[in-house]
Protein chains: 4
Amino acid sequence: MISFESDYIAGAHPKVIERLTETNLESHSGYGSDKYCESAKEKIKKAIGMDDAEVEFLVGGTQTNAVVISTMLQDHQGVIAAKTGHVSAHEAGAIEYTGHKVLELPGYEGKIHGDDLISFIENFYGDESHDHMVFPGMVYISFPTEYGTLYSRTELEEISRICHKYNMPLFIDGARLGYGLMCRQNDLTISDIAKLCDVFYIGGTKVGALCGEAVVFTKNNKPAHFLTSVKKRGALLAKGRLLGVQFDALFTDDLYFEIGRYAMDMAERLKEIFSAHGVEFFIESPTNQQFVVLSNNQIEKLRKDFAFSFWEKKDEDHTVVRFVTSWSTKSEELDALDRVLDVLFN
Amino acid sequence: MISFESDYIAGAHPKVIERLTETNLESHSGYGSDKYCESAKEKIKKAIGMDDAEVEFLVGGTQTNAVVISTMLQDHQGVIAAKTGHVSAHEAGAIEYTGHKVLELPGYEGKIHGDDLISFIENFYGDESHDHMVFPGMVYISFPTEYGTLYSRTELEEISRICHKYNMPLFIDGARLGYGLMCRQNDLTISDIAKLCDVFYIGGTKVGALCGEAVVFTKNNKPAHFLTSVKKRGALLAKGRLLGVQFDALFTDDLYFEIGRYAMDMAERLKEIFSAHGVEFFIESPTNQQFVVLSNNQIEKLRKDFAFSFWEKKDEDHTVVRFVTSWSTKSEELDALDRVLDVLFN
Amino acid sequence: MISFESDYIAGAHPKVIERLTETNLESHSGYGSDKYCESAKEKIKKAIGMDDAEVEFLVGGTQTNAVVISTMLQDHQGVIAAKTGHVSAHEAGAIEYTGHKVLELPGYEGKIHGDDLISFIENFYGDESHDHMVFPGMVYISFPTEYGTLYSRTELEEISRICHKYNMPLFIDGARLGYGLMCRQNDLTISDIAKLCDVFYIGGTKVGALCGEAVVFTKNNKPAHFLTSVKKRGALLAKGRLLGVQFDALFTDDLYFEIGRYAMDMAERLKEIFSAHGVEFFIESPTNQQFVVLSNNQIEKLRKDFAFSFWEKKDEDHTVVRFVTSWSTKSEELDALDRVLDVLFN
Amino acid sequence: MISFESDYIAGAHPKVIERLTETNLESHSGYGSDKYCESAKEKIKKAIGMDDAEVEFLVGGTQTNAVVISTMLQDHQGVIAAKTGHVSAHEAGAIEYTGHKVLELPGYEGKIHGDDLISFIENFYGDESHDHMVFPGMVYISFPTEYGTLYSRTELEEISRICHKYNMPLFIDGARLGYGLMCRQNDLTISDIAKLCDVFYIGGTKVGALCGEAVVFTKNNKPAHFLTSVKKRGALLAKGRLLGVQFDALFTDDLYFEIGRYAMDMAERLKEIFSAHGVEFFIESPTNQQFVVLSNNQIEKLRKDFAFSFWEKKDEDHTVVRFVTSWSTKSEELDALDRVLDVLFN
């Protein structure tokens, strides 16, 4: 069985697991006070070209979103996100669990539009009874989005400008940041991302680590007593080294970007294979998640050899499914898919 | 200044304040254990024709929605409501504050459609990853809605059927129930409401009381230890008699319904006045809230003598405003409005 | 049946209910924007001699404690209180419901000691792992306490000094403030209270109102967007006038203090009656709550004519019970108690 | 520098890290649906001799406590724990963050007494106003406790009996379970633990894993929709295999118990070394955490070569410090300590 199910099907990138093994018997203090966390933070700050950025490590994506959003919002505020955003749709209410509303904007292949954002805010403040409503206090977007799409530089600059005009921090969920950055169509560097937003996270879980996300506060805006707030949310890892060593490895010799580039190469190949067989794309995704429409019959046959994800029903006979590449995708796996599609579509 | 601003501009209906005065010096135990609470509960159960209904009194509408929803939902569930529903839009995030998401459906002049409800639920359960999503656990509607509209018997029966098919309680916010019930177009009795839903509340604040809402659990489904949960939410009134005496008065000699009927008569007259002057209605509302479109210039002039509410901007030159009648609206106030419109529109 | 059960057994003081009736048919905007709220705020500020105090009205005591504490604490903080404090023991976990811990100090007849407070804080900051603990972020005391006792000027000044040394606001729960202020042994004015603390509330429910508490922020420290936070907690009253009119009446011609003085006279008389019959006092309470030890047999007999509260079991044969006076206690009711005790103890 | 600072200073036990490496490139589905999670669950159920136990994996201790407690308590309930318990004192308010109070009992070297537990419950239900209080809904203890002490079989049976008499689940925090079980003085097996409680967790983080705790529900009482509740709390690990592989390794060939035994041998040796030098023990701890009293001068000197934890100040000149052994403690490290103490104490 060959799996294109997600970008978290394998363990860690070999260089990451190697470093975990090498450092395994060293003694270090807990809760992120070890030297690897320190070193990883320095390397990340260097990679984004921002000396005074503040970096903190957390374990997973939903956890990171909930911690960042709930510690940065004020009591009367909620977070704006696409209706299809991860925080809106796929976190089982983790944001609401912290007592804050997700204010949903229309999503266009996963992205929000600057126009909608302005309208929302203007309508809010234009409403005479807005003191009885949840104030927009932050904007959440993901890069790439849940649909694999990317904001262009122009789009991100516009959203950033709007956020700052209305004094709202912009938070970028980078669970798959490495793949977005290394995408051919992308015109943004990690440094641009850092400058345009107020806080973002560099996804580890989906980009080579066993677990871990690196939150970067880029405007000297890390919430006071952040460690205590993290502990209060059950999100403080005792052996912080597990995160430190991994991110230290990922940001040594540009491994993080190399992983991204590799997976993007695999994704390009995957797209070519689907195109060559005339498979319909559900969305024009430029990154490592590809959404295609297959007949239920085709799906049934493919499932004998390949794992991939159900995305949504298209009609009675067709379904949208997702194929994902990552650092662990092998070239031969794509060859195998190509061969099976040959049979299936002829 | 004559006010059509809302249905909570005056104190209590004269018969209600009279009873508060008459009983004022009596000694009663606190927290709803007094004889007036008891008597009011009995009268309400009689009015709805349901001997085993369980009635509890709370102070205000948002509080009631938050208490009912958060005590009836399970941890993994959220509440379905129209995007324009009070719990979605006008409670400052009170439901999310309890840790639960409001799952928003399209609102059609304030109402949800059965079709959308079915689609939402079917899509939810059809999604293979729905364990990572908020489960639909309850449906919230209001009668009348925030736009003054009403569900017909057919519509309510359909929603009720869908809710029960999927094991979700149906909660009806009756902040303005008295006005809805007494509306000419309405084809539902309070007894029908009680049977079709699982829990509803009879609004007092907007229908003759100084404050107070009567929650009715109609399926032997009052959450265990409800009083403690109410206390925990800061919603338990020490002098419960304040609520008991008022609802006892409201449900004596059909006062509650009489209030509703009177306000509806005033609303009919209000509509005629607007129609006679060619004023555009924003929505065809059958109840005591009327939404009309006026030019900003007209609004400016009207505001010298009348109070009414901003609803939303229509275009640069026009605004939607709301006029509301209630038990406290006087016939002469409508005469005065009629006269001023004569001048304004000629 | 004569009731000494609590200070919330009757409705409102006659002058308060009278004002509610007189103003009943006036039209006013909602949510505390009416002229009576305005006027009441001015009168309260004058009474405490603090022009720039910020006053807000809420409905009940537990609600007020939860709103004030949760809007003033930061995420990593908890509130220090006596183990016997209302927020610790008798609010069904309302503070914890807001996500904050109550840090309990020993209570001495309801009061905390400055020494314990200092030790607690010093131990906290002396602990190298205190980032894993709840930070002390506020001190809550009540005046009078749940046991009827009062802090002396010296005691309150000490606690105030400690709080400010460690940058913690001091919050005084004045649910029964009127009775404490008018107590003979009390050496603090309402103005002293206001100066020594950072926020306190003037209890209405137990001191002449149907409901209502007036929160006073005394250091220009009202939380931003307080109205929205109040709404979010389901604590915003639509007909704010209900609170405004009542507090306006209570702070007209010193009614609030007159009520306090009267209840204290009744309490003095009550103490004399118990003393004269050799009844043992459980606590030397100087205010309107009196705790006495009676045999279970005596209690059974007294309960035929009098209502009073169970407090706690003393031993197999004796129980501590509470008798409370208020503005509604009548002199003849004390005469009746005196007569029955004559019989009971002879 | 030799560290006795804690039992989480090293990475994973060599056999655990080895298995992570071996399985690293395998493809597995996420969120705990992989075969290693399955296998680990089976091995754990076998180890405790309970076929129908339900096992779930979480990442860390505070997270586990918050998830278990908040999903098992009802709305009106809190959890009873020692005042010194981890949930009371060292989780930054993580339990309160879920909206539930920790009801604190006196701790005796970390343990609660059955007598206090009964008194607490009896007083609660004996209080006529207990509906205004937090109901005791669960009992939390740790084995070993935060002070390294253990409940004997007799003690645990008593607590278990009390819990079940009052219908409260008993929850045992086994963050250091392996050390407690393998302690010479211990008279309980893991199977006894499972039977006497309703839910417990087998600590991985401190007993050989990089991270991870295995929650065991022993009475068919796993909360419904547990995975969704875990996700909602940000506690669901994408690569669940990370936990599955580790626990699978720990429960292969009794590794978990072997680790415990080894650390206990080291602890025995540590105690002998301290005893031989006349060092005062703060507590008679039978497990891998040893608390000793040293002069500040001695501490300063020791800190040149050894890391250990501050526990609490004893007096101006003395401090209680904690030395901890684990699977990673080396015999030579104890030799080195022995030698330095020889010098220090002569």
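Thresholds, definitions, all that
Residues numbered from 1 in each chain as written. Chains lettered and ligands numbered in written order. Predicted model: local features only at pLDDT ≥ 70, side-chain atom pairs only at ≥ 80, totals over all residues. Heavy atoms only, no water. Helix = DSSP H or I, 4+ residues; strand = E, 2+ residues; numbered from the N terminus. Rg over C-alpha atoms; globule rule 2.2 N^0.38 Å. Buried < 20%, exposed > 50% of the residue type's maximum accessible area, 1.4 Å probe, protein only. Contact = heavy atoms within 4.5 Å. Areas by Shrake-Rupley, 256 points an atom, 1.4 Å probe, with all protein chains shown as cover. Lys, Arg positive; Asp, Glu negative; His and termini not counted. Charge placed at Lys NZ, Arg CZ, Asp CG, Glu CD. Phe/Tyr/Trp six-rings, centres within 6.5 Å; stacked < 30°, edge-to-face > 60°. Lys NZ or Arg CZ within 6 Å of the ring centre and 35° of its normal. Buried area = accessible area lost by both parts, 1.4 Å probe. Polar contact = N/O pair within 3.5 Å; in protein donor to acceptor, adjacent residues only side chain to side chain. Nonpolar A, V, L, I, M, F, W, Y, C, P; charged D, E, K, R; others polar. Domains from an automatic or database assignment. Salt bridge = Lys/Arg side-chain N within 4 Å of Asp/Glu carboxyl O. Pairing = 2+ DSSP bridges. Axes fitted to C-alpha atoms, helices over the stretch in contact; angles between N-to-C directions. Least-squares fit on C-alpha atoms with pLDDT ≥ 70 in both. Right-handed = clockwise from strand over helix to strand, strands pointing away. pLDDT = per-residue confidence, 0-100. Left-handed = near helix turned anticlockwise from the far one by under 90°.

*Asks:* Any details on the overall build of chain A? Residues and values, ideally.
*Replies:* Within chain A, the regular secondary structure consists of 14 helices and 13 strands. For a compact globule of 346 residues, the expected C-alpha radius of gyration is about 20 Å, and chain A comes in at 21 Å, within 12% of that figure. Projected onto its principal axes, the C-alpha positions of chain A cover 60 × 60 × 35 Å. A buried classification covers 67% of the 346 residues belonging to chain A. Considering only contacts in chain A between residues 6 or more positions apart, those separated by 24 or more positions represent 72%. Of the roughly 11,900 Å² that chain A leaves accessible, carbon and sulfur atoms contribute 48%. Considering chain A, the positive charge centre built from 35 side chains and the negative charge centre built from 52 side chains are found 5 Å apart.

*Asks:* Can you break down the packing of aromatic side chains residue by residue, with the values?
*Replies:* Inspection of every chain in the model, using the stated rule, returns 76 aromatic pairs over all chains. Plain terms: the ring middles of phenylalanine 291 of chain D and tryptophan 311 of chain D are 4.7 Å apart, the flat faces sit at 65° to each other, and that makes the pair edge-to-face. With phenylalanine 291 of chain D in strand β10 (residues 289-295) and tryptophan 311 of chain D in strand β12 (residues 309-313), the pair connects residues that are 20 residues apart, well separated along the chain. For the residue pair phenylalanine 291 of chain D and tryptophan 311 of chain D, the accessibility class agrees, reading buried in each case. Three or more aromatic residues joined by ring pairs make a cluster, and in this case those are Phe4, Phe274, Phe281, Phe306, Phe308 and Phe323 of chain A. Over the ring of tyrosine 151 of chain A we find lysine 111 of chain A; its NZ or CZ atom is 5.6 Å from the centre of that ring. Over the ring of phenylalanine 308 of chain B we find arginine 303 of chain B, and its NZ or CZ is 5.1 Å from the ring centre.

*Asks:* So what about the interface of chain C and chain B? Which residues, and what values?
*Replies:* If you look at the interface, chain C gives 46 residues, while chain B gives 46 residues. Surface buried jointly by chain C and chain B totals about 3,900 Å² across both partners, of which 59% is contributed by carbon and sulfur atoms. The three residues of chain C that bury the most area against chain B are Tyr97, Lys232 and Lys239 of chain C, which together make up 20% of that side's buried surface. One can count 26 residue pairs in polar contact (both at pLDDT 80 or more) joining chain C with chain B. Counting residues per element, the ones that place at least two in the side of chain C that touches chain B are α1 (14-22), α3 (61-72), α5 (94-97), α10 (226-232) and α11 (241-250) of chain C. The greatest single-element share of the side of chain C that touches chain B, amounting to four residues, is contributed by α1 of chain C. Of the residues contributing to the side of chain C that touches chain B, the split by class is 20 nonpolar, 18 polar and eight charged.

*Asks:* So what's going on with the domain arrangement of chain A? Which residues, and what values?
*Replies:* Residue and element names in this part refer to chain A. Assigned domains of chain A: these are domain 1 (2-6 + 256-344) and domain 2 (14-254). Of note, the centres of domain 1 and domain 2, computed from C-alpha atoms alone, are 27 Å apart. On the side of domain 2, 30 residues touch domain 1, which itself brings 22 residues to the contact. Both faces considered, domain 1 and domain 2 share a buried interface measuring about 2,300 Å² in area, 63% of it formed by carbon and sulfur atoms. Counting across the interface, domain 1 meets domain 2 through one salt bridge. Put simply, glutamate 268 and arginine 184 hold a salt bridge, and the shortest N to O gap is 3.9 Å. At the level of elements, α12 (255-276) and β10 (289-295) are the ones that each hand at least two residues to the side of domain 1 that touches domain 2. The element that contributes the greatest number of residues to the side of domain 1 that touches domain 2 is α12, accounting for nine residues.

*Asks:* Break down the interface of chain B and chain D for me, citing the residues and quoting the values.
*Replies:* Interface size is often expressed as the accessible area that is lost when the parts come together. Across the boundary between the two partners, chain B contributes 17 residues, which contact 17 residues of chain D. Roughly 1,500 Å² is buried in total at the junction of chain B and chain D, and carbon and sulfur atoms are behind 51% of that figure. Aspartate 75 of chain B is paired through a salt bridge with arginine 233 of chain D; the nearest N and O atoms lie 2.8 Å apart. Tallying contributions element by element places helix α10 (residues 226-232) of chain B first for the side of chain B that touches chain D, with five residues. When its residues are assigned to classes, the side of chain B that touches chain D shows five nonpolar, seven polar and five charged.

*Asks:* Mind laying out the pairing of strand β8 (residues 213-217) of chain C, listing which residues take part and the relevant values?
*Replies:* Residue and element names in this part refer to chain C. Burial analysis of β8 places five of its five residues in the buried class, which makes it a mostly covered element. Residues Glu213, Val215 and Phe217 point to one face of β8 and Ala214 and Val216 to the other, with burial holding for every one of them. The pairing of strand β2 (residues 54-58) with β8 spans five bridges and is antiparallel. Counterpart to leucine 58 in the pairing with β8 is glutamate 213. Bridge count between strand β7 (residues 199-203) and β8: five bridges; the pairing is antiparallel. By the bridge assignment, glycine 203 is partnered in β8 with glutamate 213.

*Asks:* Go over the environment of phenylalanine 226 of chain D, please, and point to the residues and values.
*Replies:* Residue and element names in this part refer to chain D. Within the secondary structure, phenylalanine 226 is located in helix α10 (residues 226-232). In sequence terms phenylalanine 226 and glutamate 56 are 170 residues apart; their C-alpha atoms lie 9.1 Å from each other. Sequence-distant contacts of phenylalanine 226, that is, excluding residues within four places in its chain, are made with Glu56, Val67, Thr71 and Phe217.

*Asks:* Before we move on, can you summarise the sheet that holds strand β8 (residues 213-217) of chain D with the specific residues and values?
*Replies:* All names here are of chain D. The sheet built from seven strands is open, its strands ordered β2-β8-β7-β6-β5-β3-β4 with mixed pairing. Both edges of this open sheet fall to β2 (54-58) and β4 (102-105), since each of them pairs with a single strand only. Averaged over all adjacent pairs, the angle separating strand axes in this sheet is 25°, with direction ignored. Pairing between strand β3 (residues 77-82) and β4: four bridges, direction parallel. Residue pairing across strands places alanine 81 opposite glutamate 104, the latter belonging to β4. Against the sheet, helix α6 (residues 114-126) engages β3, β4 and β5 (135-142), with an angle of about 170° to β5.

*Asks:* Could you give an account of helix α11 (residues 241-250) of chain A, naming the residues involved and the relevant values?
*Replies:* What sets the pattern is the α-helix's 3.6 residues per turn: residues three or four places apart point alike. Residues and elements named next belong to chain A. The element α11 is largely enclosed, with a buried count of 10 among its 10 residues. Taken as a whole, α11 has its buried residues at Arg241, Leu242, Leu243, Gly244, Val245, Gln246, Phe247, Asp248, Ala249 and Leu250. Residues of α11 that are buried in the fold lie against α1 (14-22), α2 (35-48), β2 (54-58), β7 (199-203), β8 (213-217) and α12.

*Asks:* Outline the relation of the copies chain B and chain D, listing residues and values.
*Replies:* Of the transformation superimposing chain B on chain D, the axial component is 0.0 Å and the angular component is 180°, with the fit at an RMSD of 0.0 Å. On this basis, the relationship between the two copies can be described by a two-fold rotation axis. Most of the interface of chain B is mirrored in chain D, where 100% of its interface residues again form contacts.

*Asks:* How would you explain the pairing of β5 of chain D if you had to name every residue and give the values?
*Replies:* Regular strands place side chains that alternate from one sheet face to the opposite one. Residue and element names in this part refer to chain D. In terms of burial, β5 is a largely internal element, eight of the eight residues being buried. Examined bridge by bridge, β3 and β5 share four bridges and lie parallel to one another. Of the residues in β5, the one forming a bridge with valine 79 is methionine 138. Here four bridges tie β5 to strand β6 (residues 170-174), and the two strands are oriented parallel to one another. Looking at β6, one finds that tyrosine 140 is bridged to phenylalanine 171. Read as a crossover between parallel neighbours, the route from β5 over helix α7 (residues 153-165) to β6 is right-handed.

*Asks:* Account for the pattern of salt bridges, with residues named and values stated.
*Replies:* Scanning the model with the defined rule gives 80 salt bridges over all chains in all. Here glutamate 104 of chain B ties to lysine 83 of chain B by a salt bridge, and the two come within 3.1 Å at their closest N and O atoms. You can see glutamate 104 of chain B sitting in strand β4 (residues 102-105) and its partner lysine 83 of chain B sitting in the loop between β3 (77-82) and α4 (86-89), a full 21 residues away along the chain. For aspartate 192 of chain C, the salt bridge is made with arginine 153 of chain C, and the minimal N-O distance between the two is 2.7 Å. A residue pair is termed long-range when its members are at least 10 positions apart, and aspartate 192 of chain C in helix α9 (residues 190-196) and arginine 153 of chain C in helix α7 (residues 153-165) qualify at 39 residues. For arginine 153 of chain C, a relative accessible area of 30% gives the class partly exposed. Residues participating in the shared-partner salt-bridge network are Lys83, Glu96 and Glu104 of chain A together with Lys101 of chain B.

*Asks:* Go over the relation of the copies chain C and chain B, please, and point to the residues and values.
*Replies:* Of the two same-sequence chains, chain C is brought onto chain B (RMSD 0.0 Å, axial shift 0.0 Å) by a rotation of 180°. Comparing interface residues between copies, 100% of those in chain C also lie at the interface in chain B; the contact surface is shared.

*Asks:* Describe the confidence of the model for chain A, naming the residues involved and giving the relevant values.
*Replies:* The share of residues in chain A with pLDDT of 70 or more is 100%, and the mean pLDDT across the chain is 97. Reported confidences for the modelled complex are a pTM of 0.98 and an ipTM of 0.97.

*Asks:* Got a sec to walk through the packing of helix α2 (residues 35-48) of chain B against helix α11 (residues 241-250) of chain B? Specific residues and values, please.
*Replies:* Angle between the axes and distance between the axes: these two values describe a pair of packed helices. All names here are of chain B. Interaxial distance between α2 and α11 falls to 7 Å at its minimum, and their mutual angle equals 35°. Crossing angle aside, the handedness with which α2 passes α11 is left-handed. Two secondary-structure elements touch here, α2 through Tyr36, Cys37, Ser39, Ala40, Lys43 and Ile44 and α11 through Gly244, Val245, Phe247 and Asp248. For the contact of α2 with α11, the class distribution of residues is six nonpolar, two polar and two charged.

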